[in-house]
Amino acid sequence: MRKRLSALASVTALLLVTAAPSAVAAVPPTPRIAGTVASGFQSPWGLAVLPDGSALLSERDTALIKHVTAAGVVRQIGRVPNVRHGGEGGLLGIAVAPTFGTDRLLYAYHTASGDNRVVRMTYDGTTLGTPQNVVTGIPRANIHNGGRLAFGPDGFLYISTGDAANTANSQNPNSLGGKILRVTPTGSPAPGNPSGTRVYSLGHRNVQGLAWDEGNRLWASELGQNTTDELNQIRAGGNYGWPTCEGSCNDSRFINPQATWTTAEASPSGLAFSRNTMWMAALRGQRLWAIPVSGGVRDGNTVASFTNQQGRLRTVANAADGSLWVISETTGSILRVVLG
Ligand SMILES: [Ca+2]
């Protein structure tokens, strides 16, 4: 017994020595694909989990919204009117109001004929109501339309936009392009926004992922141009550098990303937080990135999973049972991913 304890102590000592340089850094849990929730979707983009554990999914090119149960039963509930699909535009992100239990409101971001806009409509459990405008006038183009919607822990709606192929939008405080916006449920500037407008942060190229960490801090994934994709921790009024800066740079006006990748490794879209880790869906990179975070900063190395196995990954959402639902755009599927 003493000998075994002694041997154990030696092994422990060895582990401590070899692990010392990274001993403070977290290692993310290992994700595993436990099955396919549902498939047959065309250009799936947004995913919003309902209070009962089922979800709504938006299809970019068809403008359809579909209801998906945890058991995988899919039902079409309606088509959002006035959507103009083209290139990266169409019906993009969706979000369920935190007050859904009483008001039944569903929010959607879509490309229209002259702009990108956020609308809201009721979902009574069967069909969609008539949309009402929440925010209009977000610049649109064939590319860089942003499009993610998420309600924050503060109850306000966060909207990620793109520069709409006009890089000047990102630093222009009067443009809604190249920004993260923060608004009330009816679309007014949220009280306390840094400039009293809808703008919460600026200097973005094309943000398609939003998630909050354990301390209710906002993080966002952003598509780079030719070289560098970014994961940023977002502060109110922060300037994230585009178009002067792609990735990290030495300029005190700008906030540097917490993690970067080549555009071939990532080209990120959706983002979700679980188990002290940001989970980021990669389109061109065709993988799920795990980024350990703690106290508002990255806390360890990023880890890739499922590389080139499931096609382009568009979206990640926290399912009701603690798993992640991950959308593969290529296979038109929702994968159920459990964390080891
Ligand atoms: Ca940046």
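Taking an unreviewed UniProt entry as the reference, the protein chain is identified by name as PQQ-dependent sugar dehydrogenase belonging to Kribbella albertanoniae.

A. Summary view of the overall build of the protein chain. On a plain count of helices and strands, the protein chain comes out with 3 helices and 25 strands. Expected size for 340 residues packed as a compact globule is a radius of gyration near 20 Å; at 20 Å, the protein chain falls within 12% of this value. In terms of overall dimensions, the protein chain has C-alpha extents of about 75 × 50 × 35 Å along its principal axes. Within the span of the protein chain, comprising 340 residues, buried residues form 55% of the whole. Taking all contacts inside the protein chain whose residues are at least 6 apart in sequence as the whole, residues at least 24 apart take part in 50%. When the accessible area of the protein chain is evaluated, it comes to approximately 14,000 Å², of which 49% is carbon and sulfur surface. Charged side chains of the protein chain number 28 positive and 20 negative; the gap between the two group centres comes to 5 Å.

B. Representation of the coordination of the calcium ion. Donor atoms from the polypeptide that coordinate the calcium ion comprise Glu230 (OE), Glu230 (OE) and Tyr240 (O), at 2.3 to 2.5 Å from the metal. Here glutamate 230 is found in strand S16 (residues 228–234), whereas its partner tyrosine 240 is found in the loop between S16 and strand S17 (259–262), with 10 residues between them in sequence. Note on glutamate 230: relative accessible area 4%, which makes it buried.

C. Highlighting the sheet that holds S17. Spatially, 4 strands are ordered S14-S15-S16-S17 in an open sheet, and the strand pairing comes out antiparallel. With partners counted over all chains shown, the strands left at the sheet margins are strand S14 (207–212) and S17, one partner each. For this sheet, the mean angle separating the axes of adjacent strands, direction not counted, is 20 degrees. Across 4 bridges, the pairing between S16 and S17 is antiparallel.

D. Summary view of unusual backbone geometry. The omega torsion of the bond from tryptophan 242 to proline 243 falls at 5 degrees, within 30 degrees of zero and hence cis. When you line up the elements, proline 243 lands in the loop between S16 and S17. With a phi close to 55 degrees, alanine 164 is a non-glycine residue in the positive phi region. Since its relative accessible area comes to 10%, alanine 164 is described here as buried.

E. Expanded view of the packing of aromatic side chains. Taken as a whole and judged by the stated rule, the model has 4 aromatic pairs. Judged by centre distance (5.1 Å) and plane angle (80 degrees), the rings of tyrosine 107 and phenylalanine 151 are edge-to-face. With tyrosine 107 in strand S7 (residues 105–111) and phenylalanine 151 in strand S10 (residues 149–151), this pair connects stretches of sequence that are 44 residues apart. An angle of 75 degrees between the planes, with centres 4.9 Å apart, marks the rings of tyrosine 158 and tryptophan 212 as edge-to-face. A residue pair is termed long-range when its members are at least 10 positions apart, and tyrosine 158 in strand S11 (residues 157–160) and tryptophan 212 in strand S14 qualify at 54 residues. Here tyrosine 158 matches tryptophan 212 in class, with each residue buried. Aromatic rings pair up to connect Tyr158, Tyr200 and Trp212 into one cluster. When the ring centre of tryptophan 242 is taken as reference, the NZ or CZ atom of arginine 205 above it lies at 5.5 Å.

F. View of the environment of alanine 211. For alanine 211, the location among the structural elements is in strand S14. For the pair alanine 211 and leucine 47, spaced 164 residues apart in sequence, the C-alpha separation works out to 13 Å. Those residues in contact with alanine 211, other than ones at most four positions away along the chain, are Arg217, Leu218, Trp219, Leu271, Ala272, Phe273 and Met278.

G. Spatial organisation of the pattern of salt bridges. Counted under the stated rule, the structure contains 10 salt bridges. Among the salt bridges present, the one from glutamate 329 reaches arginine 314, with a minimum N-O distance of 2.7 Å. A residue pair is termed long-range when its members are at least 10 positions apart, and glutamate 329 in the loop between strand S24 (324–328) and strand S25 (333–339) and arginine 314 in strand S23 (residues 313–318) qualify at 15 residues. Of the two residues examined, glutamate 329 and arginine 314, each falls in the buried class.

H. Broad picture of the state of the cysteines. This structure, assessed with the given rule, holds 1 disulfide. With a sulfur-sulfur separation of 2.2 Å, cysteine 245 is cross-linked through a disulfide to cysteine 249. Between cysteine 245 and cysteine 249, the disulfide has an S-S torsion of -130 degrees and is therefore left-handed.

About the thresholds
Residues numbered from 1 in each chain as written. Predicted model: local features only at pLDDT ≥ 70, side-chain atom pairs only at ≥ 80, totals over all residues. Heavy atoms only, no water. Helix = DSSP H or I, 4+ residues; strand = E, 2+ residues; numbered from the N terminus. Rg over C-alpha atoms; globule rule 2.2 N^0.38 Å. Buried < 20%, exposed > 50% of the residue type's maximum accessible area, 1.4 Å probe, protein only. Contact = heavy atoms within 4.5 Å. Areas by Shrake-Rupley, 256 points an atom, 1.4 Å probe, with all protein chains shown as cover. Lys, Arg positive; Asp, Glu negative; His and termini not counted. Charge placed at Lys NZ, Arg CZ, Asp CG, Glu CD. Donors = N, O, S within 2.8 Å, 3.2 Å for Na, K, Ca; no water. Pairing = 2+ DSSP bridges. Axes fitted to C-alpha atoms, helices over the stretch in contact; angles between N-to-C directions. Phe/Tyr/Trp six-rings, centres within 6.5 Å; stacked < 30°, edge-to-face > 60°. Lys NZ or Arg CZ within 6 Å of the ring centre and 35° of its normal. Salt bridge = Lys/Arg side-chain N within 4 Å of Asp/Glu carboxyl O. Disulfide = S-S within 2.5 Å.

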